[in-house]
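An overview of the molecular structure
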Amino acid sequence: MTVARAAAEGKIRREMRREERNRLALRIWLGVVLVTLFCLVLVGGATRLTDSGLSITEWKPIHGVIPPLTAAEWEEEFKLYQRIPQYSELNTHMSVDEFKTIFWWEWAHRLLARGIGVIFAVPLLVFWVTGRIERRLRLPLLALLALGGFQGFIGWWMVSSGLADRVSVSQYRLATHLTIACLIFAAATWIMRGLSPHSDDPIPSPGSRRMAMVVALMVLFQIYLGALVAGLDAGLSYTTWPLMDGALVPGDLFIQQPGWINLFENPKTVQFVHRLGAYTLFTPALLHMIQCLRAAPQTTHARRSVVLFVMVCMQAAIGVITLVLQVPLAWALMHQAGALIVLGFAIAHWRGFYGEYPPETAVTVRD
């Protein structure tokens, strides 16, 4: 072996080790981002379920980090809350101490939202400046940062809908807010999965990759439908299963005019469509599992398809239990957590059909 060839091979090994270390660091960072996002969505769910989202009536991105510290400050914050319809129509009995309970949920939600901005932006800047981010990832990561900033605006846009003419936030805006959060979660999962080592197992078939995509997108859509249910408190309207209002297909689903508005504003219709979404999601998840097991039963793709199907079934079971128990907080949060876990796994499973990102640079040694 010539000296030049040995030097070139040494350079290749050093470059490979450097890229592996960089990818590991990025995976750890994105993993922390995902855990924080998961907590943020759960606290947001608790905020909605406890009707706490309107307790802070002003948007103070910087000053709002500091909560009331004195009795006078608590009284001032409570007086601001007393100006909105939720207080005058629903909570006139509320004391300052009771107000503190709903305040802390919303404050924690906003604090986590600010925190994730720091957790994402600061390491991104450090990795960028030190040259650890591959070129193919720069634009996607910047887009994620921008989407996160936009999500902050959407959050206030949602809250503002309940400060004047309503006693709760708009279900349209709530669904938008949750869906964008899930898109950020899914995109971060996709990038993290692409930076992770993959098996060399061939994909069972081109159709299995497409079906994995269909399942992932349907999970996301089902979460959107669930947000509409939460926004209308539709889960409290009919708490029997499999019958709803005494029938498999209840009546008066399109009683409002125009008919399409029932899909968004009629609690009965919204809950029924969410149930249909669960039944519909079950079918492609089952077909995808069968497809993968028949075509390549010993591959990691097939094993993941089984796990995904089981997760979809478990999430449906949690949804049914939550419904028949009349939406207790713990079960409702478990259902929301399950939705995010299923989404993350579905996205990672879909990304697994494409394999790891190829090395950014390749050095060819010639004799």
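Residues numbered from 1 in each chain as written. Predicted model: local features only at pLDDT ≥ 70, side-chain atom pairs only at ≥ 80, totals over all residues. Heavy atoms only, no water.

A look at the pattern of salt bridges
Think of it this way: side chains of opposite charge can pair up when their charged atoms draw near. A complete count under the given rule lists 10 salt bridges for this structure. Taking the shortest distance from any N to any O, the salt bridge between Asp233 and Arg48 comes out at 3.3 Å. Linking Asp233 in the loop between helix H7 (206–232) and helix H8 (262–265) with Arg48 in helix H1 (residues 3–49), this pair joins segments that are 185 residues apart in sequence. A salt bridge links Glu106 to Arg110; its shortest N-O distance comes to 2.7 Å. Of this pair, Glu106 and Arg110 both sit in helix H4 (residues 96–129), separated by four residues, roughly a single helical turn. It is possible to trace a salt-bridge network through shared partners that takes in Glu19, Arg23, Glu134, Arg136 and Glu356. (Salt bridge = Lys/Arg side-chain N within 4 Å of Asp/Glu carboxyl O. Helix = DSSP H or I, 4+ residues; strand = E, 2+ residues; numbered from the N terminus.)

A few points about the side chain of His301
Mapping His301 onto the fold places it in helix H10 (residues 300–324). In this structure the side chain of His301 is engaged in a polar contact, spanning 3.2 Å, whose partner is the backbone oxygen of Asp201. Polar side-chain contacts of His301 include one of 2.8 Å to the side chain of Arg304. Other than its neighbours up to four places away in sequence, His301 contacts Asp201, Pro202, Ile203, Pro204, Cys292, His349, Gly352 and Phe353. (Polar contact = N/O pair within 3.5 Å; in protein donor to acceptor, adjacent residues only side chain to side chain. Contact = heavy atoms within 4.5 Å.)

Comments concerning the confidence of the model for the chain
Low-confidence regions, as indicated by low pLDDT, have predicted coordinates that should not be scrutinised in detail. Here the chain averages 91 in pLDDT, and 94% of its residues register 70 or above. Every residue in residues 363–367 is under pLDDT 50, and counting partners more than four places away or in other chains gives five contacts. (pLDDT = per-residue confidence, 0-100.)

A closer look at the nonpolar core
Across soluble globular proteins, you tend to see nonpolar side chains buried next to one another. Membership of the largest hydrophobic core comes to 58 residues, with the highest contact counts inside it found for Trp29, Phe120, Leu137, Leu141, Ile191, Val219 and Leu343. Sorting the residues of this core by element identifies H1, H4, helix H5 (135–160), helix H6 (171–194), H7, helix H9 (267–295), H10 and helix H11 (329–352) as the ones contributing at least two each. Counting residues per element, this core draws most heavily on H6, which supplies 10 residues. Beyond its immediate chain neighbours, meaning those up to four positions away, Phe120 contacts Trp29, Leu30, Val33, Leu141, Leu144 and Leu145. By size, the runner-up hydrophobic cluster in this structure holds 19 residues, among which are Ile102, Phe103, Trp107 and Met158. (Core = buried A, V, L, I, M, F, W, Y, C linked by side-chain atoms within 4.5 Å. Buried < 20%, exposed > 50% of the residue type's maximum accessible area, 1.4 Å probe, protein only.)

Section: the packing of aromatic side chains
All told, the structure shown has 20 aromatic pairs when counted by the stated rule. Ring centres of Trp29 and Phe120 lie 5.1 Å apart, and the angle between their planes is 45°; on these two criteria the pair is classed as tilted. Of this pair, Trp29 sits in helix H1 while Phe120 sits in helix H4, and the two are 91 residues apart along the sequence. Assigned by exposure class, Trp29 and Phe120 land together as buried. Arranged with centres 5.3 Å apart and planes meeting at 55°, the rings of Phe282 and Phe309 form a pair that is tilted. Of the two residues, Phe282 sits in helix H9 while Phe309 sits in helix H10, which places them 27 residues apart along the sequence. Phe282 sits in the partly exposed class, given a relative accessible area of 36%. Linked through ring pairs, Trp74, Phe78, Tyr81, Tyr87, Phe99, Phe103, Trp104 and Trp107 together constitute an aromatic cluster. One Lys or Arg, Arg138, reaches over the ring of Trp128 and ends 5.5 Å from the middle of that ring. Sitting over the ring of Tyr357, Arg351 keeps its end group 4.7 Å from the ring centre. (Phe/Tyr/Trp six-rings, centres within 6.5 Å; stacked < 30°, edge-to-face > 60°. Lys NZ or Arg CZ within 6 Å of the ring centre and 35° of its normal.)

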